[in-house]
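So you can see what is in the structure, the chains are spelled out below.
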Amino acid sequence: MWIVSPPFLVVEWRIFKEQIDTLPARLIQETKEALRKWLDVAAEIGVLHEVNHVIEIRIREACRALMNESVVMLSEAEAGLQPTKKA
């Protein structure tokens, strides 16, 4: 007997993946909007490209780590949800 249906976990993970696929772009945009004044200062001193590059790298790394952790959690959940054998 299944405690929770593994297909249910897979569906939830697919929904999560769809959301995480668009997350980096959204976070980059929101971060740049929030840091607009500081990015203007960076542009004035000639380092805007480098600052933007670091923002994008860090956000993409964080999203990749989040995705990797979700795969681990899904694997662990599926391993714990194996059907029990009836005697």
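Our structure's up above, just so we're on the same page.
Keep in mind that what you see is a predicted model, and the values were worked out from it rather than measured.

(A) Region of interest: the overall build of the protein chain. When its secondary structure is counted, the protein chain shows three helices and zero strands. Mapped from its N terminus to its C terminus, the protein chain presents α and β elements in the order α-α-α. The buried share among the 87 residues of the protein chain stands at 20%. Long-range contacts, defined as pairs at least 24 residues apart, comprise 79% of the intrachain contacts of the protein chain with a sequence gap of at least 6. Counting only carbon and sulfur atoms, one obtains 63% of the accessible surface of the protein chain, whose full area is about 6900 Å².

(B) Inspection of the side chain of Lys32 at higher detail. Within the secondary structure layout, Lys32 lies in helix 1 (residues 6–34). A residue is classified by how much of its surface remains accessible, and Lys32, at 17% relative accessible area, is buried. In this structure, Lys32 is in contact with Leu39, Asn52 and Glu56, ignoring residues within four places of it in sequence.

(C) Highlighting the nonpolar core. In this structure, Ile20, Leu23, Ile28, Leu39, Ile55, Ile59, Cys63 and Met67 together form the largest nonpolar core, which totals eight residues. Contributions of two or more residues to this core are made by helix 1 and helix 3 (48–80). No other element matches helix 3, which puts four residues into this core.

Definitions and cut-offs
Residues numbered from 1 in each chain as written. Predicted model: local features only at pLDDT ≥ 70, side-chain atom pairs only at ≥ 80, totals over all residues. Heavy atoms only, no water. Helix = DSSP H or I, 4+ residues; strand = E, 2+ residues; numbered from the N terminus. Buried < 20%, exposed > 50% of the residue type's maximum accessible area, 1.4 Å probe, protein only. Contact = heavy atoms within 4.5 Å. Areas by Shrake-Rupley, 256 points an atom, 1.4 Å probe, with all protein chains shown as cover. Core = buried A, V, L, I, M, F, W, Y, C linked by side-chain atoms within 4.5 Å.

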